[in-house]
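Survey of secondary and tertiary structure
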Amino acid sequence: LDEAMSHYHESYDVAARVFGTTDHPELAKILHHIGGIHQRENDWQEAMRCYKTAARILQATLGKDDPAIATTLVCIGNLHYLSNNLDQAMNYYNEALRINRLAYGTKHADVIPTMKSIAIIHVKKGSFDEAIGVFTQVLQIKLSEVGRSHPEVASAHKRLGNVYWQKGEKAAAEIHY
């Protein structure tokens, strides 16, 4: 990771000189990757700083509804989730989902990962009905995308079954297993 970090910093310096500014989408993408390395090294504070700076640059240069911003918002949400700051994580995930739905529609595969993150937070907070609603939407998208006989559909059923099981609804859980 040290070598990767070195290359990203060099790339950032070159791009800043070429573009004549540090407020350019390309530099935001580099910061996003640097943040990812910090996150993998468990330096969450520095990762957060990189992700937030990247999000600010992307919003200023591409507008607040560009899907590139959603990717960075999910990373910020993930850091909040890892820190057990579930409400903040949910705020970032919801904003990322809003942006991705604007860009891709409500039934596109690119909205699924964020929806799953939202559902997981609902489960962690004990909001099982909300989690079931979100996981049901994920299942419907998967069914329309790949059909019934696909491992991703089986995985979506398993998630639903797990939530019903945690909720204490064993019969409903068995339907999905």
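Provided above is the structure to which this section pertains.
My aim in this report is to walk through the structure given alongside it, one point at a time. Quick caveat, the model's predicted, so the values are computed rather than measured.

Across its full length, the protein chain carries nine helices and zero strands. Sequence-ordered secondary structure for the protein chain, helices as α and strands as β, is α-α-α-α-α-α-α-α-α. Expressed as lengths along the three principal axes of its C-alpha atoms, the size of the protein chain is roughly 60 × 30 × 25 Å. For the protein chain, buried positions account for 41% of its 177 residues. Taking all contacts inside the protein chain whose residues are at least 6 apart in sequence as the whole, residues at least 24 apart take part in 49%. For the protein chain, the computed accessible surface area is about 9,500 Å², with 51% contributed by carbon and sulfur atoms. Of note, the protein chain has its 19 positive side-chain charges centred 7 Å away from the centre of its 20 negative side-chain charges.

Turning our eyes to something else, we now look at the side chain of His176. By the element assignment, His176 lies in helix α9 (residues 170-176). Residue classification places His176 among the buried positions, given a relative accessible area of 16%. The contact partners of His176, leaving out residues within four places of it in the chain, are His157, Lys158, Leu160, Gly161 and Tyr164.

Right, let's talk about the state of the cysteines for a bit. Applying the stated criterion across every chain yields a total of zero disulfides. Here Cys75 stays free of any disulfide, with the sulfur of Cys50 as its closest cysteine sulfur at 11 Å. A relative accessible area of 13% means that Cys75 is categorised as buried.

All right, on to the environment of Ala47 then. Structurally, the position occupied by Ala47 is in helix α3 (residues 44-62). Residue classification places Ala47 among the buried residues on the basis of a relative accessible area of 0%. Considering only alpha carbons, one finds Ala47 and Gly35, 12 residues apart in sequence, at a separation of 4.1 Å.

Take the environment of Ile34 next. Mapped onto the elements of the fold, Ile34 is located in helix α2 (residues 25-40). A residue is classified by how much of its surface remains accessible, and Ile34, at 3% relative accessible area, is buried. On a C-alpha basis, the gap between Ile34 and Glu152 in space is 31 Å, while along the polypeptide they are 118 residues apart. Aside from chain neighbours lying at most four places away, what touches Ile34 is Met5, Tyr8, His9 and Cys50.

Attention now goes to the nonpolar core. Core analysis: the biggest nonpolar cluster contains 56 residues, and Leu73, Ile76, Met115 and Val163 have the highest contact counts within it. With nine residues, the single largest contributor to this core is helix α7 (residues 128-146). Once residues lying within four places of it in the same chain are set aside, the contact partners of Leu73 are Ala55, Tyr92, Glu95, Ala96 and Ile99.

Residues Val14, Val18 and Phe19 make up a contiguous nonpolar surface patch of about 250 Å² in total accessible area. Residue position: Val18 is located in helix α1 (residues 2-19). For Val18, a relative accessible area of 61% translates into the label exposed.

About the cut-offs
- Residues numbered from 1 in each chain as written.
- Predicted model: local features only at pLDDT ≥ 70, side-chain atom pairs only at ≥ 80, totals over all residues.
- Heavy atoms only, no water.
- Helix = DSSP H or I, 4+ residues; strand = E, 2+ residues; numbered from the N terminus.
- Buried < 20%, exposed > 50% of the residue type's maximum accessible area, 1.4 Å probe, protein only.
- Contact = heavy atoms within 4.5 Å.
- Areas by Shrake-Rupley, 256 points an atom, 1.4 Å probe, with all protein chains shown as cover.
- Lys, Arg positive; Asp, Glu negative; His and termini not counted.
- Charge placed at Lys NZ, Arg CZ, Asp CG, Glu CD.
- Disulfide = S-S within 2.5 Å.
- Core = buried A, V, L, I, M, F, W, Y, C linked by side-chain atoms within 4.5 Å.
- Patch = residues over 30% accessible without salt bridge, like charges linked within 9 Å, V, L, I, M, F, W, Y side chains within 5 Å.
- Salt bridge = Lys/Arg side-chain N within 4 Å of Asp/Glu carboxyl O.

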